[in-house]
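# Observations on chain architecture
Below, each chain spelled out in residue letters.
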Amino acid sequence: MDTTSNDARSNLSICSSFNEELDTSSNEELLSIPDVIVCGVDRGNETKLHRNVWLEAIDPIHRYGKHLRIYYNHWESLNKPGSSFFGWLDGTDGDCEEGSNAIPELESLPRSVLDSDVVLYINSEKEAEKYSVLIVPVEQWLDIDRHMSVECDTTDEKDQKHALSLSYDGCSADRIFVDSENRPIVTGPNGWIFVLRDDILYAAPKRKRSDRYNGMKRFHHSSFFAGKAVSSAGILFTNEKGVLVKLYPHSGHYRPGDNELLRILQYLKKHNINLDTIEVDLQQMYYVSREQAVGEAPPLKVRKTNNLYLHSGTFAENALVHKYRMNENGIFRDLRSILDKMLKVGKF
C-alpha cells in the first residue's frame, strides 16, 4: 500500500521539475566530471560532490581535499609539470624531466600533514548499511525492544533496556530515529551529518581531524558513499529520546540548496514526521549574509552554525514549493524585467 500522501507525491514531482530547470551544466562540463562523482545520478541521486572536493575523491588514498588543493595550486603555478597532478605530487610521474620528480613539500603545509590527514571513503554497500537510519513509531520500537530484551544475556542488560523503555512512556512525539541496530539516535548538541541516497537515510557523527581521533580517518559527507552522488545532505539533530528537533542543510562537500532541502523535507513528511515540530535553517534560501565587519579590515565570514535563520519545517516546505511555482510561472522573470525598466528610467 502506498503510504505517500497526495501532497508528498505532488512535491516529488515538483522537486523533479525543479532539478531540470536549475541544472545548467553543459554537456562539455559533464564530460570533465570524474565517473565516481556522477555515479547514481541515473537513479535520481542528482546532487554531485562539489568541484572543490574532486581531488579528494579521485585521490587513491583520499587525502583531505582542502590540503590537496593547496598543492594543486602550487602545481598550477609551476605550469603543471609532468603528465598528471598526482604523478607530480607523489613522485611517480615518469614524464617529469630528469631530477624534477622529487616529492614536493610546501613549508605552509608539510607532507607529514598532507599524507596523514585522510578522509574515510566507504566503497562497500554492506559497510554503508551500518550507517542507515530508520524512522519508526515509538510503539513499534518499544515492541521490538521488549522482544530483544528477552534475548539479552545478562540481568544488567535487561534492566538497562527496561529502564530505557519506561523513559518513553508519555513521549510527545510518535516517531523516533533509530540506527541499524535499533538504538535511538541521540546526536548531542553538534548533530550528526546525513545523506539521503536511493530514498534511504544515512547518518553518523562527523570526524573533523584525523589527529584528534587516535589516528582515525576523517568522516565527512563524502564518506558514506565514497564521493558518489546523493539526493540530499546536511546535519540533523535529535533529542535524548531520538526525536528529530532540527535540520540544517549544511555540507561543504555537496553544497545543498533548495532542491536538496525540499527532498529531505518531503522524505521526512513521507515517513510521518510532523514538520511543524522541527526547526530548519533557511539562511541560504533567504541569502542571509555571513559577512561580519571587523573595524576597517575586510569583512569576515561567520560560521553557518552561528548565522542561523530558523523556521519550522512546514514553513520551509511551503516556501520552497511556492518559490518553485513562482519561478515556473515566470513571476521572478517578470519582476526582474519590471525592475530593469524602472532602473533605466531612474525610478530608483
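Helix and strand counts for the protein chain stand at 13 helices and 10 strands. When burial is assessed residue by residue, the protein chain has 41% of its 348 residues classed as buried. In the protein chain, of all internal contacts separated by at least 6 residues, the share reaching a separation of at least 24 is 67%. Counting only carbon and sulfur atoms, one obtains 50% of the accessible surface of the protein chain, whose full area is about 19,900 Å².

What the rule picks out here adds up to 19 salt bridges. The salt bridge partner of Arg43 is Asp198, with a shortest N-O separation of 2.9 Å. Of this pair, Arg43 sits in the loop between α3 (35-38) and α4 (54-58) while Asp198 sits in the loop between β3 (192-197) and β4 (200-204); the two residues are 155 residues apart in sequence, bridging distant segments of the chain. Overall, the relative accessible area of 34% leaves Asp198 in the partly exposed class.

Take the packing of helix α11 (residues 258-270) against helix α12 (residues 313-328) next. A pair of packed helices is characterised by two quantities: the angle between their axes and the separation of those axes. With their axes 10 Å apart at the nearest point, α11 and α12 run at an angle of 130 degrees to one another. It follows that α11 is oblique to α12 by the angle criterion. Crossing of α11 over α12 shows left-handed handedness. Counting all contacts with α11, which are made through Asp258, Leu261, Leu262, Leu265 and Lys269, the residues of α12 involved are Gly313, Ala316, Glu317, Leu320, Val321 and Lys323. When its residues are assigned to classes, the contact of α11 with α12 shows six nonpolar, one polar and four charged.

Turning our eyes to something else, we now look at a nonpolar patch on the surface. Residues Met326, Ile331, Phe332, Leu335 and Ile338 make up a contiguous nonpolar surface patch of roughly 400 Å² in combined accessible area. The dominant element in the nonpolar patch, judged by the number of residues it contributes, is helix α13 (residues 331-344), at four residues. Tracing the backbone through its elements, the reader meets Met326 in helix α12.

Moving on, we come to the sheet that holds β3. Here we have eight strands laid out as an open sheet, ordered β2-β1-β4-β3-β5-β6-β7-β10, and mixed in their pairing. Only two strands of the sheet have a single partner each, and these edge strands are β2 (175-178) and β10 (310-312). For this sheet, the mean inter-axis angle between neighbouring strands, taken without regard to orientation, is 35 degrees. Direction of pairing for strand β1 (residues 132-137) relative to β2: antiparallel, over a ladder of four bridges. Within the sheet, the bridge partner assigned to Ile135 lies in β2 and is Phe177. Of the strands in this sheet, β7 (279-281) and β10 touch α12, which is tilted by about 90 degrees from β10.

The next thing to look at is the environment of Tyr121. By the element assignment, Tyr121 lies in the loop between α7 (111-116) and α8 (125-129). What makes Tyr121 buried here is its relative accessible area of 8%. For Tyr121 and Gly227, which are 106 residues apart along the polypeptide, the C-alpha to C-alpha distance reads 7.4 Å. When neighbours within four sequence positions are excluded, Tyr121 is seen to be in contact with Leu49, Val53, Glu56, Ala57, His62, Ser222, Ser223, Ala226 and Gly227. At a separation of 2.7 Å, a polar atom in the side chain of Tyr121 contacts the side chain of Glu56.

We now examine helix α5 (residues 65-77). Between its terminal C-alpha atoms α5 stretches 18 Å, which fits the 18 Å expected from 13 residues at 1.5 Å a residue. Every buried residue of α5 is accounted for by Gly65, His67, Leu68, Tyr71 and Trp75. Viewed along the axis of α5, the buried residues span an arc of 155 degrees, placing them on a single side of the element. Buried residues along α5 sit in contact with α4, α6 (85-89) and α7.

Moving on, we get to the confidence of the model for the protein chain. Mean pLDDT over the protein chain: 83, with 77% of residues reaching 70 or higher. Contacts of residues 1-31 to residues separated by more than four positions or lying in other chains number 33 contacts, the stretch itself having pLDDT below 50.

Phi is positive for Arg255, close to 45 degrees, though the residue is something other than glycine. By the secondary structure assignment, Arg255 is in the loop between β6 (244-248) and α11. On the basis of relative accessible area, Arg255 is assigned to the partly exposed category, the value being 41%. Look at Asn272: it is not a glycine, yet its phi comes out positive at around 65 degrees. Counting through the fold element by element, Asn272 comes out in the loop between α11 and β7. For Asn272, a relative accessible area of 44% puts it in the partly exposed group.

Reading guide: rules and limits
- Residues numbered from 1 in each chain as written.
- Predicted model: local features only at pLDDT ≥ 70, side-chain atom pairs only at ≥ 80, totals over all residues.
- Heavy atoms only, no water.
- Helix = DSSP H or I, 4+ residues; strand = E, 2+ residues; numbered from the N terminus.
- Buried < 20%, exposed > 50% of the residue type's maximum accessible area, 1.4 Å probe, protein only.
- Contact = heavy atoms within 4.5 Å.
- Areas by Shrake-Rupley, 256 points an atom, 1.4 Å probe, with all protein chains shown as cover.
- Salt bridge = Lys/Arg side-chain N within 4 Å of Asp/Glu carboxyl O.
- Axes fitted to C-alpha atoms, helices over the stretch in contact; angles between N-to-C directions.
- Parallel < 35°, antiparallel > 145°, perpendicular 65-115°, else oblique.
- Left-handed = near helix turned anticlockwise from the far one by under 90°.
- Nonpolar A, V, L, I, M, F, W, Y, C, P; charged D, E, K, R; others polar.
- Patch = residues over 30% accessible without salt bridge, like charges linked within 9 Å, V, L, I, M, F, W, Y side chains within 5 Å.
- Pairing = 2+ DSSP bridges.
- Polar contact = N/O pair within 3.5 Å; in protein donor to acceptor, adjacent residues only side chain to side chain.
- Expected span 1.5 Å × (residues − 1).
- Arc of directions from axis to C-beta.
- pLDDT = per-residue confidence, 0-100.

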